[in-house]
Structures are given as structure tokens and as C-alpha cells.
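Now for the letters of each chain:
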Amino acid sequence: MTRISRSLFGDLDVEVELDAPIGVASWFCAGGRADFLVRPQTADALAELLKRCRQIDTPVRIMGEGANLLVDDDGVSGIVVRLDAPAFRSIEHNIDGKLELVRVGAGADLARTLMRFARAGIGGLESLMGVPASIGGAIRMNAGGAYGEIGDAVHAVACLDAGGETRVYTADELRFDYRSTNIVDPIILWTVFSITQENPVRLRERVKEIAAYKSRTQPLGEKSAGCMYRNPIDPETGERVSAGRIIDEVGLKGLQHGSATVSTRHANFFTIERNGRARDAIELGDLVHARVLDARGIELQREVVVWDRSSPERIGNA
Ligand SMILES: Cc1cc2nc3c(=O)[nH]c(=O)nc-3n(C[C@H](O)[C@H](O)[C@H](O)COP(=O)(O)OP(=O)(O)OC[C@H]3O[C@@H](n4cnc5c(N)ncnc54)[C@H](O)[C@@H]3O)c2cc1C
């Protein structure tokens, strides 16, 4: 890898932070730093940054709200990009003159977008209530749950490819599966959603119902990144089964390793105590994985994205 020079960013409209504490900025509130945290201020600056990084073989990663991310204590090399500048957080209505289409920037906060939609009686995304995410991170993970997934409401997605070129995909070119999509481009720029006009009072009631379900079933107040493992396919029935229930049945609720614990509220949530180590959660995951494999013959797959110095140093890698 080429040594990164600050001159790489010199004439670009970007904000740059050296040795940035990205781990503590994630929802786990633990883990290491990035050599550079870069906040592009425009889409052109982001595209040019990608081109330059590719030319000099510099690793780039993209971080949304960090709600599905575990950054190893040793941190990561290269550049981490965040799209929290206003240029990436806009919400535009009446796309192509159509009332039912809304474009939302990838850096927009999902919860704030949902609250704004609920107040305006805009339906279509309320099933995502209570899922902490940026729009880009939610699309990358096809975030969702008992009430539906974000992919259900997607009309089109724009991405930047590794060479910095913009590509727009329509719904019929996209596939949204359980916590995944067929998008291979490294950066999601914006999404057009199909929305519906709803009675604002009824919509707000539904939003409250979904939020109440989430806070009843998940330890939202603790430092975690949601479900550690994807729900696996049961080899006997061929159906997806709850990883949390399996971990619970194997007797691992409350299992502790250093500063990390399998939540007693929801066995697929791992939590890290204040000033704890990311490595403890990674190792706890390995213990749980081995115990479930041993007891049930099921190979759990991680849903949380782990970044460390040995993981593929490419944007959007999962
Ligand atoms: C308390 C809690 C509850 C949760 N409940 C749920 C739930 O019910 N359902 C659910 O699905 N998830 C849940 N999660 C997990 C998390 O909310 C989702 O995975 C969410 O989609 C993560 O979005 P993010 O912006 O934080 O992405 P990050 O965690 O920052 O990143 C996740 C991945 O997306 C990539 N990424 C981020 N932004 C972009 C972009 N613009 N372009 C391309 N790639 C990008 C990253 O590189 C990384 O690979 C929960 C998490 C927490 C902490």
C-alpha cells in the first residue's frame, strides 16, 4: 500500500481528521482508530477521492452511523469516509414530477427521516422505526425486521463505483435479500423511495407501536450493534430460525468474556461495557459460534461487520 499523504486531499472539498477514533464513534462505543477520517463536502469531491485512492492503491472504507460495525482495538489503515455533510443528507420530494417518489441522501439519519415522514403523513418506511442507521447503511444491509425491510420501498439507488463513476439502478435491477443486496459498488449515494400518503394520526400510532415492540424486545439502551449473527437456515426444515433463540437454547445468555456479554434481554445482542475492548466482543463471538456449532451443528454467520487491519481493505466490504 502506498503511504497516504495529506497532499492527497489538498485541493479537494473534504474535511480530514488524522488518527480518528472511529471505534468509539460506533454504536459499540469501543475499538480503535482510522489513519484518516474524511468527510467529503460534495459528491464531486467524493468521486475524485475514490479515483485518487484507486490510483495509489489506498484502502477506503465507508462508515454510516456505525450501528452494525465493530472496529478492532488496533483500528484500520487507510481512509474511512463519512457522508455526514449536508450534500449527502438531503431529502427531495416529487422526483420526476411524481408525488409518490422521494429521494433521500445516503448520509441522512434513518430515524430522523422517519420522524419527518411520520409528521407529514408519508408512509412506506415506518417498518424501519427503531433501527439505528444511515440510509446508505440501511440499504447496504437491507435493514429490517418483523414489520418489513427497507428494500420493500426502494424505487432506485445511485452508487459510485470504485473508479468514482455514478451508476443508477432501478428497482428491477436490484435484489434485496435477508440483510443483503446485490449492490457491488462501494458507495451508495442516494435512494429513491416509493412512498404512500397516509393519515398522519394513524401513521404516528403505527410508528409508536413499532417503536414500542422494538424497545420491548431489544436492549436498546446498551452499547451493541444489534444482532451479532444472521438468522440461520434450519438444516431440517429449510426455514430461517432465530439465531437469538438458538444461542439462548444453548444456554449462552449472559455469557461474559472480558468486557463483552451476551445480552440477557436478547441473546443475539452482544454488549460491551463502558471503556471495554472490541476484541472481547470478537472473541465472545468466536466462543458462541463454537458452542452453537458443537451443540446444534449450525454454523452461525456474522451480521455485524468487523473491521480490522487484516480484513479486506476495500470500501463497503462486509
Ligand atoms: C440497538 C440496535 C438495534 C438494531 N436493530 C436492527 C434491526 O431491527 N434490524 C436490522 O436490520 N438491523 C438492526 N441493527 C443493525 C443496524 O441498525 C443496521 O445494520 C443498519 O443498517 C446499519 O446502518 P449504519 O448506517 O449504521 O451502517 P454501518 O454500521 O456504519 O455500516 C454497516 C455496513 O454498511 C456499509 N455502509 C454504510 N454506509 C454505506 C454507504 N453509504 N454506501 C455503501 N456502504 C455503506 C459499511 O461499510 C458497512 O459494511 C440494530 C443495531 C443496533 C445498535
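Before reading on, note that the structure itself is shown above.
Everything numeric here is computed off the predicted structure, so don't read it as measured data.

K.L.:
Would you mind showing me how to read the overall build of the protein here?
P.N.:
For the protein, the count of helices and strands is 7 helices and 20 strands. What you see for the protein is a C-alpha radius of gyration of 20 Å, in line with the 20 Å of a compact globule of 318 residues. Dimensions of the protein, computed from C-alpha atoms along their principal axes, come out at roughly 55 × 55 × 35 Å. A sequence separation of at least 24 residues applies to 67% of the contacts in the protein between residues at least 6 apart. When the accessible surface of the protein is split by element, carbon and sulfur atoms take 46% of a total near 14,700 Å². Between the mean site of the 39 positive side-chain charges and the mean site of the 45 negative ones, the protein shows a separation of 4 Å.

K.L.:
Explanation requested: the environment of Ala108 in the structure shown.
P.N.:
Along the chain, the position of Ala108 falls in the loop between strand E7 (101-105) and helix H3 (110-119). Note: C-alpha distance between Ala108 and Pro86 (22 residues apart in sequence) is 8.6 Å. Excluding residues that lie within four positions of it along the chain, Ala108 makes contacts with Phe88, Arg89, Thr113, Ala133, Ser134 and Ile135.

K.L.:
Help me understand the site of the ligand, please; the structure alone is not making it clear to me.
P.N.:
The environment of the ligand is made up of 37 residues, and the closest members are Ile62, Pro132, Ser134, Gly144 and Lys214. Between the ligand and Arg140 there is a distance of 3.2 Å, counted from a nitrogen atom to a side-chain nitrogen or oxygen. Of all elements in the fold, only strand E3 (60-63), helix H4 (135-141), strand E15 (187-194) and strand E20 (305-307) reach the threshold of two or more residues within the shell around the ligand. Looking at the shell around the ligand, the element that brings in the most residues is H4, giving 5 residues. Tallied by class, the residues present in the shell around the ligand amount to 21 nonpolar, 12 polar and 4 charged.

K.L.:
I would appreciate a short explanation of the packing of aromatic side chains in the present structure.
P.N.:
Two aromatic rings are characterised by how far apart their centres lie and by the angle between their planes. Enumeration over the complete set of coordinates arrives at 3 aromatic pairs. Each ring, one from Tyr147 and one from Tyr213, has its centre 5.4 Å from the other, and the planes form 80°; the classification is edge-to-face. Taken together, the positions of Tyr147 in the loop between strand E9 (144-145) and strand E10 (148-149) and Tyr213 in helix H5 (residues 200-217) put the pair 66 residues apart, joining distant regions of the chain. The exposure class assigned to Tyr147 is partly exposed, which follows from its relative accessible area of 28%. Under the relative-accessibility criterion, Tyr213 is labelled partly exposed at 29%.

Quick notes on the rules
- Residues numbered from 1 in each chain as written.
- Predicted model: local features only at pLDDT ≥ 70, side-chain atom pairs only at ≥ 80, totals over all residues.
- Heavy atoms only, no water.
- Helix = DSSP H or I, 4+ residues; strand = E, 2+ residues; numbered from the N terminus.
- Rg over C-alpha atoms; globule rule 2.2 N^0.38 Å.
- Contact = heavy atoms within 4.5 Å.
- Areas by Shrake-Rupley, 256 points an atom, 1.4 Å probe, with all protein chains shown as cover.
- Lys, Arg positive; Asp, Glu negative; His and termini not counted.
- Charge placed at Lys NZ, Arg CZ, Asp CG, Glu CD.
- Near = heavy atom within 4 Å.
- Polar contact = N/O pair within 3.5 Å; in protein donor to acceptor, adjacent residues only side chain to side chain.
- Nonpolar A, V, L, I, M, F, W, Y, C, P; charged D, E, K, R; others polar.
- Phe/Tyr/Trp six-rings, centres within 6.5 Å; stacked < 30°, edge-to-face > 60°.
- Buried < 20%, exposed > 50% of the residue type's maximum accessible area, 1.4 Å probe, protein only.

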